[in-house]
Structures are given as C-alpha cells and as structure tokens.
Amino acid sequence: MNIPTNPFPHRNLLGIESLTREDIYQILDLAKHLDSSNEPKFSHLLNDRLIINLFLEDSTRTRTSFEIAEKRLGAHVVNFDVESSSSKKGESFLDTALNLEATGADMMVIRHSAPGVPDFLSRHLHCRIVNAGDGSHEHPTQALLDAYTLREHFGKIEGLRVAIVGDIRNSRVARSNAWLLTKLGAHVSLVAPPTLLPKELQSTWPEAHLTSDLDNILPDQDAFIMLRIQTERGTNTLIPTRKEYVEFYQMNTERFARTKNTSVIMHPGPVNHGVELTSEIFNHPRSLILKQVAFGVSVRMAVLQLLFTASEKY
Ligand code: CP
C-alpha cells in the first residue's frame, strides 16, 4: 500500500482522548470528501484486507454501519458470532482474539461491555484495533459522526453551545463527545440528575459546565444530545422514578419551545420514546437523529481508510 507523505499518525482508534484537533479534522474532512457526489460509493481501497467485527455487546447502528463502510471500501468482512463461539466453552476473550488474528485479520472492530478492552487487545495483538464502544469508557466513532453532523448543520463546531443530557455517569457517548467537543472549541454542558453527574468530571473537562438544571440552560444551547438511561449498567437504581426523570429531563414539545428556534436535537440511539424524548421530538424538523446514522457510514469509511494509511512505525 502507498503511504502518503503525511500519514494519519494512528494504527488504532481507541478513543477520542488520544486524538489531536488535527487528527479529528483529518477524519471529518475525509468523510466529507467521501460524501461528495463525485466519489464512487464503492472502492477497492481495502480489497486485500480482512476485517473482523467482534461485537460482544448488542448493536444496531454501529455494527451495521461499520459493515457497510468496510464493504464499500472493498474489505473482506467477517462478523464474529459470539453466541455460537467457543467462548461458550470457557475460552478467554484474549485467546479468542489471538485465534481470530491468527486467521489473518488485519483489523478488529470491537464492542465490549468492559472499559479498556480495545486498549488491552491493542497491547497483545498486531492487527489494527477500532473501539466500537467499550463499556462506559468511549465510543469514538459516535462522537466523530456527531461532530460531522453538527458541522454539516451549522458549518462549524468551534463556539457552538452543546448540551449533553441524561445518563452522563454511564455514557461512553458523553465521554467521547466531551473530549471531542472541548478539543474543537465548543461550549459543552453536561446535564444530569446529581446521581448521574459525578463531580470528578469537572477536573477531566475543566471548561465544561456541569449542571442538573436543564430548564435553566434551554435558551442558550445550539444542540441537545439526548442520552438513553442505561438500565443495563444499573442506572435505573440511581434515579428516583422514571416519572420524575421525565419531569425534569425529557425533551418534549413544551421544553423544546423554550429553546432557540435554531437549536437541534440529536441522539446516538437506541431511543426510548417517552423517556429521554418524545416521538414528536424524534420526528421534529430540527431532529438530526437519522442524519447522524446516515453520516455514520462515511465517517467510519474515513476512519478505516486513515487507519490503514498509517505507517507501520506508529
Ligand atoms: N449509537 C450506537 O452505538 O448505537 P448501537 O448500540 O445500535 O450501535
């Protein structure tokens, strides 16, 4: 493969924390180029590459759009099925990954419920590793596609006011977005009930505004990224009742009417209609939720392409 003179300086995408502004813009700009109508939808760029998708947590959007992105770039794709695998006989996750790598994988795209698994594998495997969501740690491609969506809509990210609302404590989407948006100069508010808003986050992102009062910040925000309550991570034990959560944190028609008439709604999915937002808001003309999904394919194509152009020395 030809190595460009200014290669992307990473073989793995483990999180947004380790990326620079320049890395992020390189991905967003390539995604924009791939989205242009002049570019063919399918290429042969990765046609000698084997990519294994290793999803040990459920996924609709991420798994599907990675597979589409891989196929559009011409890669050979294997979707590992954990339910019928020898992990059911007690084989460790590391052994599973080492054996899959031995079959010739050039890259693994990994989703796992435990934070740090992609980073752990990157220290034991030689193939490229992409984090497709690790527990409550990071979901880097989600933050990248969210940034792409914001830039497409507003023409910029710097200076935007973005509120991330909901289960901040357990959300890898909130963490990756907080890293990305603060690196790119947006004003970030992290909004949640006190039990879902650990105070330590303030020292991680000193420039972020932590608040439990959504109503107070409604008129100032350009975008609201609404988050699902992650019952699978025990969040429902940290809020008094669903009714009370809805009363103070749901984005509904009445609350949205108190925002700027240019503000937009985003959500990484899956949405729990009637909890973090209503169906009216999901279907609102200023909801970008399905655009986020659409942009996810070109953003993931850009990530794959750049990781394979990184020099082996990195
Ligand atoms: N946004 C997101 O990660 O959705 P999935 O869990 O369906 O992949």
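Residues numbered from 1 in each chain as written. Predicted model: local features only at pLDDT ≥ 70, side-chain atom pairs only at ≥ 80, totals over all residues. Heavy atoms only, no water.

Visitor: Break down the overall build of the protein for me, with residues and values.
Guide: Per the secondary structure count, the protein includes 12 helices and nine strands. Per-residue burial for the protein yields a buried fraction of 54% across its 314 residues. Pairs at least 24 residues apart make up 74% of the contacts formed inside the protein by residues separated by at least 6 positions. When the accessible surface of the protein is summed, it comes to about 13700 Å², and 51% of that surface belongs to carbon and sulfur atoms. The centroid of the 33 positive side-chain charges in the protein is displaced by 2 Å from the centroid of its 37 negative side-chain charges. (Helix = DSSP H or I, 4+ residues; strand = E, 2+ residues; numbered from the N terminus. Buried < 20%, exposed > 50% of the residue type's maximum accessible area, 1.4 Å probe, protein only. Contact = heavy atoms within 4.5 Å. Areas by Shrake-Rupley, 256 points an atom, 1.4 Å probe, with all protein chains shown as cover. Lys, Arg positive; Asp, Glu negative; His and termini not counted. Charge placed at Lys NZ, Arg CZ, Asp CG, Glu CD.)

Visitor: Describe the sheet that holds strand β8 (residues 223-226), with residues and values.
Guide: Taken in spatial order, the five strands of this open sheet run β7-β6-β5-β8-β9, and their pairing is parallel. The open sheet has two free edges, formed respectively by β7 (209-211) and β9 (264-266), since each of these has just one partner strand. Averaged over all pairs of adjacent strands, the angle between strand axes in this sheet comes to 20°, irrespective of strand direction. As judged from the four bridges shared by strand β5 (residues 161-165) and β8, these two strands associate in the parallel manner. (Pairing = 2+ DSSP bridges. Axes fitted to C-alpha atoms, helices over the stretch in contact; angles between N-to-C directions.)

Visitor: Which residues make up the sheet that holds strand β2 (residues 76-80), and what values go with them?
Guide: Strand pairing within a sheet occurs via backbone hydrogen bonds; the two strands may be parallel or antiparallel. The strand order across the open sheet built from four strands is β2-β1-β3-β4, with neighbouring strands paired in parallel fashion. A strand with exactly one partner marks an edge of an open sheet, and here the two such strands are β2 and β4 (128-134). Across this sheet, the average inter-strand angle for adjacent strands is 15°, counted without regard to direction. Two elements, strand β1 (residues 50-55) and strand β3 (residues 107-112), share five bridges in a ladder whose sense is parallel. Bridge pairing in β3 places L54 opposite I110. Contacting β1, β2 and β3, helix α3 (residues 93-102) crosses the sheet at an angle of about 155° to β3.

Visitor: Can you break down the pattern of salt bridges residue by residue, with the values?
Guide: Under the counting rule described, the total for this entry stands at 12 salt bridges. Residue R151 is joined to D29 by a salt bridge in which the shortest nitrogen-to-oxygen separation is 2.9 Å. Here R151, found in helix α5 (residues 140-154), pairs with D29, found in helix α1 (residues 21-35); they are 122 residues apart in sequence, far enough to count as distant. For R151, a relative accessible area of 19% translates into the label buried. According to the relative accessible area criterion, D29 is partly exposed, its value standing at 41%. In this structure, K260 engages D222 in a salt bridge whose closest nitrogen and oxygen atoms are separated by 2.8 Å. With K260 in the loop between α10 (253-256) and β9 and D222 in the loop between α8 (214-217) and β8, this residue pair connects regions lying 38 residues apart in the sequence. Exposure remark for D222: the relative accessible area of 11% places this residue in the buried category. Each of D215, E254, R255 and R258 takes part in salt bridges that share partners, so that together they form one network. (Salt bridge = Lys/Arg side-chain N within 4 Å of Asp/Glu carboxyl O.)

Visitor: Explain the packing of α1 against helix α12 (residues 289-309) residue by residue, including any values.
Guide: Packing of α1 against α12 brings their axes to within 8 Å, and their N-to-C directions diverge by 120°. Accordingly, the angle class assigned to the pair α1 and α12 is oblique. Considering only the axes of α1 and α12, their crossing is right-handed. Across from Q26, I27, L30, A31, L34 and D35 in α1, the residues of α12 making contact are F295, S298, V299, M301, A302, V303, Q305 and L306. (Parallel < 35°, antiparallel > 145°, perpendicular 65-115°, else oblique. Left-handed = near helix turned anticlockwise from the far one by under 90°.)

Purely geometric stuff here, so don't read any function into it on its own.
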